[in-house]
Each structure stands twice: as structure tokens, then as C-alpha cells.
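Geometric and topological summary
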Amino acid sequence: MFNVQVPLRDKDEVFLMNTFTDAQLLVSPDVPELLDRADKGLAFTPEECETLEMLAENGFLVQNRAEERQALANFFGEVREDRDQLRVTVLTTLQCNFACDYCIQGDHDDHNLFANKMSLETAAKVASWIEGRLDEVRPSRFVLTFFGGEPLLNLPVVYFLAERAHALAEARGAQLLINVITNGLLLTPEVVDRLLPFGLAGVKVTLDGDKDTHNRMRPMRGRQGTFDRIVDNVRRVAHKVPITVGGNFDEDSVESYPALLDYLREQEFADKLARINFKPIIRTEPATPAAPKGFIPLTAVSDSGKPLGGACMTTAGAGSGKPASACDSCHFLDTKMEFLREETRKRGFKTPDGVHMGPCEIHRRHAHTVSPDGSLFACPGFAAEATQSTGHIDGRHESWRADSAQRFDTLGAYKNCGDCSFIPVCAGGCSVASHAELGDMNTPTCHKPSFESALISLAHSVASGAA
Ligand code: SF4
Ligand code: SF4
């Protein structure tokens, strides 16, 4: 079920991959034929038997479909119950000093007047709750991500929690990895120096295209541009901490990315950038209290290389049916994702390969997002909707939160994906996108063409020795 193949005609070879075991092979064209024959149970020569054994060892050949489906269910069960890592994303504030066109969290209208900011008192309770989680889960790794709003607008809470998390993790022999997802405006060497001793592992900043495009998409209140200051800040800290550059694009801004990549390549810090990663923008319109404007799912950075760990996969779309919005042009965006990956790689930057994407953290029981008031959510993408809260750090019991927790406990859009070969790396797509665009988090948000084109790219990279 999970075998995928790409014929490499110029080499007279076939790239074979199993998305479940992640085995990747370059083989002669008779090997896929042999796999087809194995399916029919025909007789084989001793050499063919040897090849079949090797294929079985790598998961390309299994006893039967039922066994494979059971293995898939076990895999999702293991991801769900994995205690090797505890992941906590803390939204230190929902306030933001930007006024991005597409984002729920920017300084729009009176949003900042009412946006929550975590108090030090609540932060102390978050630390106690974290202590309880560490004692219960006993992970070998604790990944703490600061996000918002703009998390660096609440530095006292960031510093307090980083210090407490460090002490708690150290006392339990767990490795602490701290990530910060910031718009980059307040990212100074002082902030980085303060967090490094506690375990700062990565910072993600956002550039939405070249200077003009970024300044249009991500201005400050008052519409002043932010590009130059963010790049200056990155220049001052890139030698201290791995920086990931993320970018959100839509059909209007995507063409400006090659110019941004050229600009970044010319900077003296280019080789210090850990990776560059683009996402289509999700837009939910019109605004409703349940989905106030539109929001962008987020990527945790620097997860030390586990291929399926923590990658926040997203898709694009809108519910409005407006012809110009991204949701009406999924194929456009799937093609553009591949275009951006190629453009990024061409300039020597690392970027996700587009095949190894999920399951994302919403499928993990021991991954939590904490909002400024201490409410718990299954992932940052749902934190915009209070009714999606799955609990509270003070342990209060409320039936609506328990119902919500139950919903997330049984989440499984992939169960509606039939025999799709990409289930292990896609898991049915982003549940936030399904919820926002399709009104049902258990309906897959399918971007199969994006996986297929990324697979072709991966095959050629492997064949050329670049991957
Ligand atoms: S459901 Fe979507 S937003 Fe949430 S962690 Fe997964 S990919 Fe990210
Ligand atoms: S959402 Fe699409 S690509 Fe993903 S597993 Fe389901 S059918 Fe496959």
C-alpha cells in the first residue's frame, strides 16, 4: 500500500520508496515488475527470491493488506502515545506589534486592546503544570516553543519559563530544546544570549517575500516596513543560534520569493541559516467569532532531525468561495510549493523535501499548546478558537473542554483516505485546514499532487546523490 515509485528514464532506473518504513532504493526496472509478480504469487528464480527477501526486509513486500493496515493503526497509536518527547507551545501573548494582512493576531482594529497577555502569576502555574507533565510522561526530550501573538512582547514570561523549564528538565535528566517563533522585530543578541544557556535550539522568523512584498504583507502598526530591521536582527544573531526563515505566500506574493532568496544568498549570514520553509496562507473569510479572521499554522523549528517529528504541515484555502482566494487554486499552490522548493534548493539553502511531512503534533497526546490564560489546546492552529480548548493547566473539569479533548483523541482524517500511499507522511492533512475550510477536522484536506511532485523531486535528488 505504501510503495511509491518514480521511473528515472535517463538512467534506466526506478526510484522505489516505502512511505511507511522510509526505505528508498534505486533499482532496475525489473524490480517493480518483480513486486507486481509477487503480488500474484508466481514462481521465482533463486536470484529473484533473494531480491524479494531484501524487499520484504525493507517493507516493500508484506504478507497481506490486513496486516499492513494493522501496522498503520499501530503506528498512529505509537505516535499518539509516544513518551519520548513532551512538546509544549506557550503563547506568551496574543498581542502583536505587526498588522499583517492575513493574520488573526496582528494589530487589527481593537484586537490588541483585548488580546490576552500571560501574567507572571499564570506563568508560575504553567511551570507547575509542566513539572507535573514531566513527572508523568518522563520524556527524554522536552521541546518548549514560545509563540504568540508576538512572544517577545512578553519577555519576562519567556525568561521566567525558560529558566524554570531548564531547571525542571535538568533535575529529571531530560534534554530541553527551546524554540522561538517570532516576527523578528525584537530579536536581539541580548534575547538570544539570555536564552542560550537554558537550551535555545532555534529561532524562526518570517519573511513574506522580497522587501517590497514583505513590507506590504507584514507592516507594523502605522504601516511602516519591517524587512530591513528583521534582516539586521538576523545578521546580529545568526552566528549564535540556528535561524529558520519561514515565509507565507499567496498567489499574489509567490513570484517575489526568488528575489528574496537571491537577496538572502548575498548576505554574509546565508550559510548560517538552518532552513527556509514556505507555506501557503490559509484564509478564513468572512470573519466570524469562531474563526475571527484567518490564521497561519506554525512550524516548530530545530527538532534535531527526526524525520517525522514536529513538522507542521499546512494547506491553503478559504471558505468564502471568492475566486481570488487561495482555496480556489489548490493546484496552483501545490505547483508553487514545488517551484519554491526548487528555487530554494538551487541557491544552496535547506528546505523540507515535501515528502517527509507528518504526522504533525496534533496526533501526539503529549503535545500541548498553552494560551495566555492557561487554556490547553491540541495544537497552535486551534488556539484561536476558545471552544476548541481541551483542558486547563489548573485541572478544572468542564464538560465542554472534556468533549473537545475527546474529539481530538479520536481524530483521524486519514481513516477517510482509503489506500493512499502517502498516509504515513500526510495523515490526512492539516486538521486546522480541514476544520477551517471544510468544517470538519476529520475530513482530509488533500494535497496529493504536492506529495507526488515532491516525490519526483526527491527521486531525482537521490539519483544525483544530492539527497
Ligand atoms: S493540525 Fe495543522 S496547524 Fe495543527 S499542528 Fe497539525 S499541521 Fe500544524
Ligand atoms: S489527504 Fe490526500 S495525500 Fe493525504 S493521505 Fe489523504 S488521500 Fe493521501
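Refer to the structure printed above.
Residues numbered from 1 in each chain as written. Chains lettered and ligands numbered in written order. Predicted model: local features only at pLDDT ≥ 70, side-chain atom pairs only at ≥ 80, totals over all residues.

Observations regarding the overall build of the protein
The line we're drawing: Every helix listed is a DSSP run of H or I at least four residues long, and every strand listed is a run of E at least two residues long, numbered separately from the N terminus. With C-beta atoms placed from the backbone, a residue is labelled by how many other C-beta atoms lie within 10 Å of its own: buried for 20 or more, exposed for 12 or fewer, partly exposed between the two. Note on contacts: residues are paired as contacts if their backbone-placed C-beta atoms lie within 7 Å.
Helix and strand counts for the protein come out as 15 helices and 12 strands. A total of 467 residues make up the protein; the buried ones form 46% of that total. Long-range pairs, those at least 24 residues apart, make up 68% of the contacts in the protein with a sequence separation of at least 6.

Section: the site of ligand 2
The line we're drawing: We call a residue near a molecule or strand when the C-beta position, derived from backbone atoms, sits within 6 Å of it. Only Asp, Glu, Lys and Arg are considered charged in this grouping, and only Ala, Val, Leu, Ile, Met, Phe, Trp, Tyr, Cys and Pro are considered nonpolar; every other residue, Gly among them, is considered polar.
Inspection of the region around ligand 2 gives Tyr 414, Cys 417, Cys 420, Phe 422, Ile 423, Cys 426, Gly 428, Gly 429, Pro 444, Cys 446, Lys 448 and Phe 451 as its neighbouring residues. For the shell around ligand 2, the elements supplying multiple residues, two or more each, are α13 (423–426) and α15 (448–464). A class-by-class count of the residues in the shell around ligand 2 yields 9 nonpolar, 2 polar and 1 charged.

Some thoughts on the sheet that holds strand β1 (residues 3–8)
Rules: We treat two strands as partners when DSSP finds at least two bridges between them. Whenever a helix is involved, its axis is fitted only over the stretch in contact; in every case the axis is a line through C-alpha atoms, and angles between N-to-C directions fall within 0 to 180 degrees.
Judged by pairing direction, the sheet is antiparallel, and its 3 strands sit side by side in the order β1-β2-β3 without closing on themselves. With partners counted over all chains shown, the strands left at the sheet margins are β1 and β3 (24–27), one partner each. Between one strand and the next, the sheet's axes are offset by a mean angle of 20 degrees, whatever the strand orientation. Sheet strands in contact with helix α1 (residues 30–40) are β1, β2 (13–18) and β3, and its direction is about 50 degrees off that of β2. Most of the contacts of α15 go to β1, to which it runs at about 60 degrees, and overall it touches β1, β2 and β3.

Thoughts on the sheet that holds strand β10 (residues 367–370)
Across the sheet, which stays open at both edges, the 9 strands sit in the order β9-β8-β7-β6-β5-β4-β10-β11-β12 with mixed pairing between neighbours. Each end of this open sheet is capped by a strand with a single partner; those strands are β9 (273–280) and β12 (391–392). Pairing of strand β4 (residues 85–93) with β10 involves 4 bridges; the strand directions are parallel. Opposite Val 88, over in β10, you have His 368 as the bridge partner. Strands β4, β5 (141–148) and β10 of the sheet are contacted by helix α5 (residues 120–137), whose axis makes an angle of about 170 degrees with β4.

So, the pairing of β1
Of the pairings in the sheet, the one linking β1 to β2 comprises 6 bridges and is antiparallel in character. Each residue of the ladder has a partner; that of Leu 8, found in β2, is Glu 13. Between the end of β1 and the start of β2, which pair antiparallel, lie 4 residues, with Asp 12 showing a positive phi angle near 55 degrees.

Concerning the environment of Glu 163
Structurally, Glu 163 can be placed in helix α6 (residues 155–171). Residue classification places Glu 163 among the partly exposed positions, given that 15 C-beta atoms sit within 10 Å. For the pair Glu 163 and Ala 127, spaced 36 residues apart in the sequence, the C-alpha separation amounts to 9.8 Å.

Observations concerning unusual backbone geometry
Negative phi characterises most residues that are not glycine, and trans characterises most peptide bonds. Along the chain, Gly 148 connects to Gly 149 via a cis peptide bond; the corresponding omega equals 25 degrees. Note that Gly 149 resides in the loop between β5 and α6.

Quick notes on the packing of α1 against helix α2 (residues 46–57)
When two helices pack together, their arrangement is captured by the angle between the axes and the distance separating the axes. We count it as follows: Here the word oblique covers every angle except those under 35 degrees (roughly parallel), over 145 (roughly antiparallel) and from 65 to 115 (roughly perpendicular).
Their axes nearest at 11 Å, the elements α1 and α2 cross at an angle of 85 degrees. Taken as axis vectors, α1 and α2 run roughly perpendicular relative to one another. Of α2, the residues touching α1 (which contributes Val 31, Leu 34, Leu 35 and Ala 38) are Glu 48, Thr 51, Leu 52 and Leu 55. Here the residues of the contact of α1 with α2 are counted per class, giving 6 nonpolar, 1 polar and 1 charged.

Regarding α6
The cut-off we apply is this: Expected span of a helix, by definition, is 1.5 Å for each gap between consecutive residues, and there is one gap fewer than residues. By definition, the arc is the one covered by directions from the helix axis to the C-beta atoms.
Along its 17 residues, α6 runs 24 Å from first to last C-alpha, staying within 8% of the 24 Å computed at 1.5 Å per residue. Regarding α6, the residues found buried are Val 157, Val 158, Leu 161, Ala 162, Ala 165 and Ala 169. End-on, the buried residues of α6 take up no more than an arc of 125 degrees, which puts them together on one face. The outward face of α6, more than 90 degrees from its buried face, is lined by the exposed residues Pro 156 and Ala 171.

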